[in-house]
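Chain residues, written in single-letter form:
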Amino acid sequence: MQFDDKWESKSYVRIPDLLLNADLKSLKAVYIYAKIMMLQGKTYAREAWVTNPCNKQKEMSIDTLSDITEKLEKAALIHKVKQNVGTQYKANRYEILPITGNYKPVYHDFINHTELSADAKGLAILLALLKDVPASDNAIANAVGYSRKTVKKYLDELIRYGIFDPDTKLLNEQCFPFYKLVRDKKAKALIDDYQQCLSIPDNQLSEAYKRQLDYVKSLPESLASQARIWRKFTMGLANKSKKIDKTSSNNIPHDANCKIKPIIL
């Protein structure tokens, strides 16, 4: 990992999925691990490691940091290098130990968030590592390995600051770009399918199907929005198709490139 890694011109760190199984028993430790990744190779006074660089507010005590880094070392996630800088203060440098496997990106801006507590940041990072965030607080607590009371407390904080949407169970993609990547990939797939259907010659379409397609094309929406609307149309058509005699299938275009197959009404 390089300090200046970018995602759409914004710096980020790679948080390994294995962090979910590290059993650190500390949300602050998850946050500090991300902060160490952001600043790895840098040497700072101990006070700097427990202070938010943007608002200069202290996020935890030095004793808490010492306990956390000990946990991270025991979990084989980091290696601490003590250094003396002159005679003024003690300084620490932390090295990230290599880990194989998948990872999720987290923007530096989130790590430096000035309103969130260290624990709330740690919980958000763990949520980002889950394949899907469960529906209930109890299920979330089981998934991340913390008590329901702890999860509820810091989920409320994440919701309050717009980091977590309780309805969609998604994290803010301005902080966690993986969500945007997934959304963009899904949108691209829908657009590709929609465009493939648009390319089918009119004489190969039934009147009903062409009428629906023309309606979607006429909407004052973006291509991505038209593609999503068209998918809803085709899902509705697919439900109706169960009542259609199979002999009508001869009228369906056989374009292998069009994944959204026309349904004859």
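Data block above holds the structure.
Below is a short write-up of the structure.

Calculation rules
Residues numbered from 1 in each chain as written. Predicted model: local features only at pLDDT ≥ 70, side-chain atom pairs only at ≥ 80, totals over all residues. Heavy atoms only, no water. Core = buried A, V, L, I, M, F, W, Y, C linked by side-chain atoms within 4.5 Å. Buried < 20%, exposed > 50% of the residue type's maximum accessible area, 1.4 Å probe, protein only. Helix = DSSP H or I, 4+ residues; strand = E, 2+ residues; numbered from the N terminus. Contact = heavy atoms within 4.5 Å. Polar contact = N/O pair within 3.5 Å; in protein donor to acceptor, adjacent residues only side chain to side chain. 1 Å grid on protein atoms, 1.4 Å probe; cavity = no way out; pocket = protein on both sides within 12 Å on 5 of 7 lines; lining within 4 Å. Points joined across faces, edges and corners; volume = space filled by probe spheres on them. Nonpolar A, V, L, I, M, F, W, Y, C, P; charged D, E, K, R; others polar. Pairing = 2+ DSSP bridges. Axes fitted to C-alpha atoms, helices over the stretch in contact; angles between N-to-C directions. Parallel < 35°, antiparallel > 145°, perpendicular 65-115°, else oblique. Expected span 1.5 Å × (residues − 1). Arc of directions from axis to C-beta.

1. Some thoughts on the nonpolar core
Part 1 of the argument: Ranked by internal contacts, the top residues of the largest apolar core, which has 54 residues, are Leu127, Leu158 and Phe176.
Part 2 of the argument: Elements with a minimum of two residues in this core: β2 (10-16), α1 (27-39), α3 (62-74), β5 (89-96), α4 (108-111), α5 (118-129), α6 (137-144) and α7 (148-160).
Part 3 of the argument: Ranked by residue count, the leading element in this core is α1, at eleven residues.
Part 4 of the argument: Excluding its chain neighbours within four sequence positions, the residues that come into contact with phenylalanine 176 are Pro105, Val106, Tyr107, Phe110, Ala124, Ile125, Ala128, Ile163 and Leu171.

2. Remarks on unusual backbone geometry
Note on backbone geometry: most residues besides glycine have negative phi, and most peptide bonds are trans.
Part 1 of the argument: In this model, lysine 56 sits at a positive phi of 65 degrees, which is unusual for a non-glycine residue.
Part 2 of the argument: Its location among the elements puts lysine 56 in the loop between α2 (46-49) and α3.
Part 3 of the argument: Located in the positive-phi region is alanine 76, a residue other than glycine, with phi close to 60 degrees.
Part 4 of the argument: Inspection of the secondary structure puts alanine 76 in the loop between α3 and β4 (78-85).

3. Quick look at the environment of lysine 10
Part 1 of the argument: Along the chain, the position of lysine 10 falls in strand β2.
Part 2 of the argument: Assessed through its relative accessible area of 24%, lysine 10 is described here as partly exposed.
Part 3 of the argument: Sequence separation of lysine 10 and glutamine 174 is 164 residues, and the distance between their C-alpha atoms is 9.9 Å.
Part 4 of the argument: For lysine 10, the side chain forms a polar contact with the main-chain oxygen of glutamine 174, separated by 3.3 Å.

4. Structural notes on the side chain of asparagine 112
Part 1 of the argument: Following the sequence through the fold, asparagine 112 ends up in the loop between α4 and α5.
Part 2 of the argument: Classification of asparagine 112 as buried rests on a relative accessible area of 16%.
Part 3 of the argument: Every residue in contact with asparagine 112, bar those within four places of it in the chain, is listed here: Met38, Asn52, Pro53, Cys54 and Lys121.

5. Brief notes about the layout of surface pockets
Part 1 of the argument: Roughly 220 Å³ of internal volume is contained in the second largest pocket.
Part 2 of the argument: Around the second largest pocket, the lining is made up of 14 residues, and of these Arg14, Pro16, Met37, Ile96 and Ile99 lie nearest the centre.
Part 3 of the argument: Of all elements in the fold, only β2 and α1 reach the threshold of two or more residues within the lining of the second largest pocket.
Part 4 of the argument: Residues of the lining of the second largest pocket, tallied by class, amount to nine nonpolar, four polar and one charged.

6. With respect to the pairing of β2
Part 1 of the argument: Among the seven residues that make up β2, five are buried, leaving the element largely enclosed by the rest of the structure.
Part 2 of the argument: Two strands pair when backbone bridges link them, and β2 and strand β6 (residues 103-107) are joined in this way by five bridges, in the antiparallel orientation. Across the sheet, valine 13 pairs through a bridge with valine 106, a residue of β6.

7. Topic: the packing of α1 against α5
Part 1 of the argument: Where α1 contacts α5, the two axes come as close as 7 Å, and the packing angle between them is 75 degrees. It follows from the interaxial angle that α1 and α5 lie roughly perpendicular. Of α5, the residues touching α1 (which contributes Leu27, Lys28, Val30, Tyr31 and Ala34) are Ala118, Asp119, Lys121, Gly122, Leu123, Ile125 and Leu126.
Part 2 of the argument: Along the lines of polarity and charge, the residues of the contact of α1 with α5 split into eight nonpolar, one polar and three charged.

8. Description of α7
Part 1 of the argument: Compared with the 18 Å implied by 1.5 Å per residue over 13 residues, the 18 Å span of α7 between its first and last C-alpha is a close match.
Part 2 of the argument: Among the residues of α7, those classed as buried are Val151, Tyr154, Leu155, Glu157 and Leu158. The buried residues of α7 occupy an angular sector of 155 degrees when projected down its axis, which confines them to one face. In α7, the exposed residues that point more than 90 degrees away from the buried face are Lys149, Lys153 and Arg160.
Part 3 of the argument: Contacts from the buried residues of α7 go to α1, α5, α6 and β7 (164-165).
Part 4 of the argument: Downstream of α7 by a residue or two, glycine 162 has a phi angle that is positive, lying close to 75 degrees.

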